[in-house]
Amino acid sequence: MSNSENIYKLDGTVPLGQAIPFGLQHVLAMFVSNITPIIILAGVVGIDGGLSARLVQNAMIIAGIGTLIQLYPVWKIGSRLPIVMGISFTFLSLAIAIGTSQGMGTLMGAVIIGGIVEGLLGLFAKYWIKIISPIVAATVVIAIGFSLLTVGANSFAGGQGADDFGSAQNWIVGSVTLLACLGFQVFTKGYLRSISVLCGLVIGYIVALCMGMVDFSGLSGCGFVSLPKFLPFKPEFHLGAILSVVAIFLVSATETIGDTSALCSSALGRPIEQKELQGSIACDGFISTIAGICGCTPITSFSQNVGLAAMTKVVNRFAIGTGAIIMVVAGLFPAVGVVLTTIPQAVLGGCTIMMFGSILFAGFGMIAKCGFGQRNMIIASLSLSIGLGFTQATGMFDIFSDTIKSVFADNCVAVVFLLAVILNLILPKEKED
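Residues numbered from 1 in each chain as written. Predicted model: local features only at pLDDT ≥ 70, side-chain atom pairs only at ≥ 80, totals over all residues. Heavy atoms only, no water.

As for the packing of aromatic side chains
For step 1, the next point in the chain: Counting across every chain of the model gives four aromatic pairs.
For step 2, the next point in the chain: When the centroid spacing of 5.5 Å and the interplanar angle of 80 degrees are considered together, the rings of Phe-156 and Trp-171 count as edge-to-face. Of this pair, Phe-156 sits in helix H5 (residues 134–156) while Trp-171 is found in helix H6 (residues 168–187), placing the two residues 15 residues apart along the sequence.
For step 3, the next point in the chain: An angle of 45 degrees between the planes, with centres 6.0 Å apart, marks the rings of Phe-397 and Phe-400 as tilted.
For step 4, the next point in the chain: Assessed through its relative accessible area of 40%, Phe-400 is described here as partly exposed. (Phe/Tyr/Trp six-rings, centres within 6.5 Å; stacked < 30°, edge-to-face > 60°. Helix = DSSP H or I, 4+ residues; strand = E, 2+ residues; numbered from the N terminus. Buried < 20%, exposed > 50% of the residue type's maximum accessible area, 1.4 Å probe, protein only.)

Following this line, the structure appears as structure tokens:
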């Protein structure tokens with residue numbers, strides 16, 4: 001029986017008229033972040049508009065399916081918690097590197113295998129979870145933020161390789177979008193603040209439309225309904241790319257651990273249970289394999305939705321599930337995907353600059369919670385200085401094999417993660433202040 005009070009409880013149904021707005025709120029909070037990695041990747045790699053629109057469709061469907069499985073687990077896959085899933089920014093810099101140098105087929109093959117690896121690791125998380133301490137997770141989150149800053153800046157300027165890169169109109173549109181996002185974040189409350197990025201995107205899009213920067217030619221001949229396109233790229237399996245992606249899947253697992261733990265603590269007011277943690281990571285992995293089959297990069301839990309649940313205390317699985325269903329249904333209409341791909345890179349850059357900066361801020365906050373003892377200082381400072389510094393020095397890894405270079409040479413997050421884990425294992429505990 002429906003009861004409106006159930007909106008603040010994990011289980012139970014609520015009136016559909018109330019469930020849909022709350023579900024939509026979660027969709028709107030993550031919508032931009034979900035489609036942006038695919039749009040940026042397609043623009044950098046050079047995927048044509050028609051296929052790019054199909055990939056956006058697939059991303060929406062995958063996000064909806066992943067969220068539903070988190071809410072209503074299949075066997076041990078899924079946490080049974082109000083976690084909203086979407087395409088991860090964590091893999092974006094590596095995906096661009098692999099996609100441009102080795103092709104999308106190689107990237108998808110690595111995503112498919114990497115997802116299986118993370119899924120299995122999730123099912124057996126109790127055997128390894130202790131090696132990823134809070135200081136390791138915090139250091140990795142900071143590295144992710146730094147690695148994405150250049151991506152955001154390139155989008156702000158119009159997209160890497162664009163003929164009008166750094167033009168005045170891109171500066172204007174990017175700046176308006178950024179200021180709009182900032183305005184909604186600072187001067188509004190509640191619901192509007194939670195969708196400040198989406199509001200900024202809408203304003204930036206309108207400005208770009210008035211400036212003649214939006215091209216709707218792709219809508220001609222667009223069908224009404226379209227099923228997901230499976231295997232848009234033929235998977236190819238290369239060890240170097242697979243190892244690179246698996247390394248980032250381990251990083252993604254640390255983010256999922258943090259998101260799931262934060263959700264239980266802030267929104268449910270209790271510690272996380274081991275089966276919830278295992279199910280959450282397993283869902284990340286196995287659904288990412290499905291994402292790879294559909295031509296998308298991996299999926300993960302979305303931190304902004306954790307924050308939304310903590311703020312509103314709306315944790316009802318049925319309500320959030322209505323949002324997931326809306327995502328799946330929207331993904332079946334090609335026109336939606338085509339319209340989303342018309343968003344100019346400068347608009348996306350204006351949105352993502354703030355989002356990427358917030359990742360850095362979250363990492364700094366995690367460091368503060370860990371404490372500033374000598375041991376933590378060594379782990380964070382050495383991992384970041386080597387990981388960020390060495391990967392910026394051209395030719396630094398030339399003495400190593402191609403496999404090693406493909407994993408580490410252009411991937412600061414993988415270097416930081418590996419060093420942080422090793423230092424966390426070998427440094428004596430008594431070094432802690």
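Concerning the confidence of the model for the protein
Low-confidence regions, as indicated by low pLDDT, have predicted coordinates that should not be scrutinised in detail.
For step 1, the next point in the chain: Per-residue pLDDT for the protein has a mean of 87; in total, 97% of the residues score no lower than 70.
For step 2, the next point in the chain: Looking at the elements of the protein, mean pLDDT is at its lowest for helix H7 (residues 190–194), recorded as 70, and at its highest for helix H4 (residues 104–123), recorded as 96. (pLDDT = per-residue confidence, 0-100.)

Structural notes on the packing of H6 against helix H14 (residues 345–370)
For step 1, the next point in the chain: Taken N-terminus to C-terminus, the directions of H6 and H14 make an angle of 40 degrees; their axes are 7 Å apart at the nearest point. What the angle tells us is that H6 and H14 run oblique. Judged by the twist between their axes, the crossing of H6 over H14 is right-handed. Judged by residue contacts, Asn-170, Val-173, Gly-174, Thr-177, Leu-178, Cys-181, Leu-182 and Gln-185 of H6 engage Ala-346, Val-347, Gly-350, Cys-351, Ile-353 and Met-354 from H14. (Axes fitted to C-alpha atoms, helices over the stretch in contact; angles between N-to-C directions. Parallel < 35°, antiparallel > 145°, perpendicular 65-115°, else oblique. Left-handed = near helix turned anticlockwise from the far one by under 90°. Contact = heavy atoms within 4.5 Å.)

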